[in-house]
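Structural features, examined
As a plain string of letters, each chain reads:
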2 protein chains.
Amino acid sequence: MKTRDKILLASLELFNDKGERNVTTNHIAAHLGISPGNLYYHFRNKSDIIYEIFLEYEKLVNYYLEIPDDRPLGLPDMMFYLESVFDGLWSYRFFHRDLEFLLDNDERLRDDYRKFTNRCLASIKQIFAGLTEGGVVQRQAEELQGAMALNVWLVITNWMAFLKTAHASHESDSVSRDELKQGIFQVLTLEMPYLMPDYREEVLQIRTRYRPDLLGD
Amino acid sequence: MKTRDKILLASLELFNDKGERNVTTNHIAAHLGISPGNLYYHFRNKSDIIYEIFLEYEKLVNYYLEIPDDRPLGLPDMMFYLESVFDGLWSYRFFHRDLEFLLDNDERLRDDYRKFTNRCLASIKQIFAGLTEGGVVQRQAEELQGAMALNVWLVITNWMAFLKTAHASHESDSVSRDELKQGIFQVLTLEMPYLMPDYREEVLQIRTRYRPDLLGD
DNA sequence: GACTCTCTAGAGTATATACTCTAATAATAT
DNA sequence: ATATTATTAGAGTATATACTCTAGAGAGTC
């Protein structure tokens, strides 16, 4: 593998493990057994590394959120989107953690992330539209749709942070992929009242698969 | 005012303005025109300052979330809670920003914050119970209540972060108190389907007062 | 006036961090 | 083989940051 790619991979791994704030360029170099000079030959600075990782993340999410416009959506579609999005969230979980600081220090990233957010929100709305057409969710007032999508977005992107703060110990990376998936439980809770009555039972059923076991300890 | 209190006040102000990560103890001292030595005479370290500020925040929120148990709750109660909580959020807005890092570096704070979260979640559930009794919201399955409360909590505590990232410019502290209050719009959106039909119109009405003007730009 | 206790100044320190510079080595082209 | 280019090592630097240490000023007490 090219050194450049190794750097990106190691950075992502370390960021996810320890948080961007706790990982220095020297750490990354040391982790790979290369010199700082070598790292800076491939990247102008730390922000550049983060930005490239963001681009990968963005690409992945865009791929996950491709929505067929030639057919309505069903329950399996919805679950597929949820699983995919939380998968992406897991792979790049460092990102939403130090987000504000990252955006503060890289204008390019800030602009791109803003557009990214808006695209995601649009996709969520589109998914709801598809599900409405598919008879899974009830038709909602136009006026509510944007705010609903935003709430879904808030729950999804901040579930990880909540888990981390709710955990008793901070033993490195104590949040597991499974726990993250419990965010799906929260999103399904959110959607419950909007479902067509026929689907309520089925979704409640699916939802139990994601039930957190530790909540409220 | 005592130097000790001045330090707490100035720290809170600077943290809110620039983010905890961007404010050093030397900055705080310089801002007050006192020496670093003086600052460290009053506080053992930066974590201690943060911890004391957290205690104030906690006290404020606890005060706001006192819930009368001798009567059911009405719509005005609900709006009062929302307004209060978002007020507290505004006054200590730095806190939820670098939360994960703060908790990683102060075990005492982590434990306290965890308990704080659980108390808040319990309060939210209690408020829902009161509103149910008051005939404002429909009775929900026991099983849903915890997850609903958690979603409300997620939206409330992360609304600020969303605003910051959604903003185009990072011109220092460009998020206003009014914009923060638009989080109430989101929470009301969340609650909408659970309301008793009689209250729907009124809440929709109230909700328009908090409508964001910039969303989706 | 001597003594004590609280508070403050300010220079200073150890460590960390992002990043640079030079020289050398490996790879490739001619 | 030689020239050129891409890659790497590794020592080094400027700056920042959390925090320490010593000395001394004020205020109150005996």
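Structure: see above.
Residues numbered from 1 in each chain as written. Chains lettered and ligands numbered in written order. Predicted model: local features only at pLDDT ≥ 70, side-chain atom pairs only at ≥ 80, totals over all residues. Heavy atoms only, no water.

Counting residues in each nonpolar core, the largest one holds 143 residues, and the members touching the most others are F86, F95 and W153 of chain A together with F86, F95 and W153 of chain B. F95 of chain B has contacts with F54, Y57, L102, L109 and Y113 of chain B, leaving out every residue within four places of it along the chain. (Core = buried A, V, L, I, M, F, W, Y, C linked by side-chain atoms within 4.5 Å. Buried < 20%, exposed > 50% of the residue type's maximum accessible area, 1.4 Å probe, protein only. Contact = heavy atoms within 4.5 Å.)

Attention now moves to the relation of the copies chain B and chain A. With an RMSD of 0.0 Å, the operation that places chain B on chain A is a rotation of 180° combined with a shift of 0.0 Å along the axis. This pairing of chains is accounted for by a two-fold axis. By residue overlap, the copies meet face to face through one surface: 100% of the interface positions of chain B are interface positions in chain A. (Least-squares fit on C-alpha atoms with pLDDT ≥ 70 in both.)

Take helix α9 (residues 177-191) of chain B next. End to end, α9 of chain B covers 22 Å across 15 residues, agreeing with the expected 21 Å (1.5 Å per residue, within 8%). Where burial is concerned, most of α9 of chain B is hidden: 13 out of the 15 residues are buried. (Helix = DSSP H or I, 4+ residues; strand = E, 2+ residues; numbered from the N terminus. Expected span 1.5 Å × (residues − 1).)

Before going further, it helps to examine the interface of chain B and chain A. The partner chain A presents 48 residues to the 48 residues of chain B that form the contact. Contact between chain B and chain A buries roughly 4400 Å² in total, counting both sides, with carbon and sulfur atoms accounting for 55%. For the chain B face of the interface with chain A, the top three residues by lost area are R21, E100 and R114 of chain B, together amounting to 17%. Linking chain B with chain A are twelve salt bridges, by the criterion used here. With its nearest N and O atoms 3.1 Å apart, the salt bridge here joins R207 of chain B to E143 of chain A. Summed over the shared surface of chain B and chain A, the result is 16 residue pairs in polar contact (both at pLDDT 80 or more). When residues of the side of chain B that touches chain A are traced back to their parent elements, those giving at least two are α6 (99-104), α7 (107-133), α8 (142-166), α9 and α10 (197-208) of chain B. Of the residues forming the side of chain B that touches chain A, the biggest block, 16 residues, is contributed by α8 of chain B. When its residues are assigned to classes, the side of chain B that touches chain A shows 22 nonpolar, twelve polar and 14 charged. (Buried area = accessible area lost by both parts, 1.4 Å probe. Salt bridge = Lys/Arg side-chain N within 4 Å of Asp/Glu carboxyl O. Polar contact = N/O pair within 3.5 Å; in protein donor to acceptor, adjacent residues only side chain to side chain. Nonpolar A, V, L, I, M, F, W, Y, C, P; charged D, E, K, R; others polar.)

Residues in contact with DNA strand C amount to 17 residues; listed here are only the nearest, T24 of chain A together with T3, S35, G37 and H42 of chain B. Between a phosphate oxygen of DNA strand C and a side-chain N or O atom of Y41 of chain B, the distance comes to 3.1 Å. Among the elements of the structure, α2 (25-32) and α3 (36-42) of chain A together with α3 (36-42) of chain B are those that each provide at least two residues to the surface near DNA strand C. The greatest single-element share of the surface near DNA strand C, amounting to five residues, is contributed by α3 of chain B. Here the residues of the surface near DNA strand C are counted per class, giving five nonpolar, eleven polar and one charged. (Near = heavy atom within 4 Å.)

In this section: the protein's contact with DNA strand D. By nearness alone, 16 residues border DNA strand D, and T3, S35, Y41 and H42 of chain A together with T24 of chain B come closest of all. A share of 64% is what sugar and phosphate atoms reach among the atoms of DNA strand D within 4 Å of the protein. Within the backbone of K46 of chain B, a nitrogen or oxygen atom sits 3.0 Å from a phosphate oxygen of DNA strand D. By residue number, the principal contributor to the surface near DNA strand D is α3 of chain A, which donates four residues.

Interpretation note: all reported values are geometric properties and have no functional meaning in isolation.
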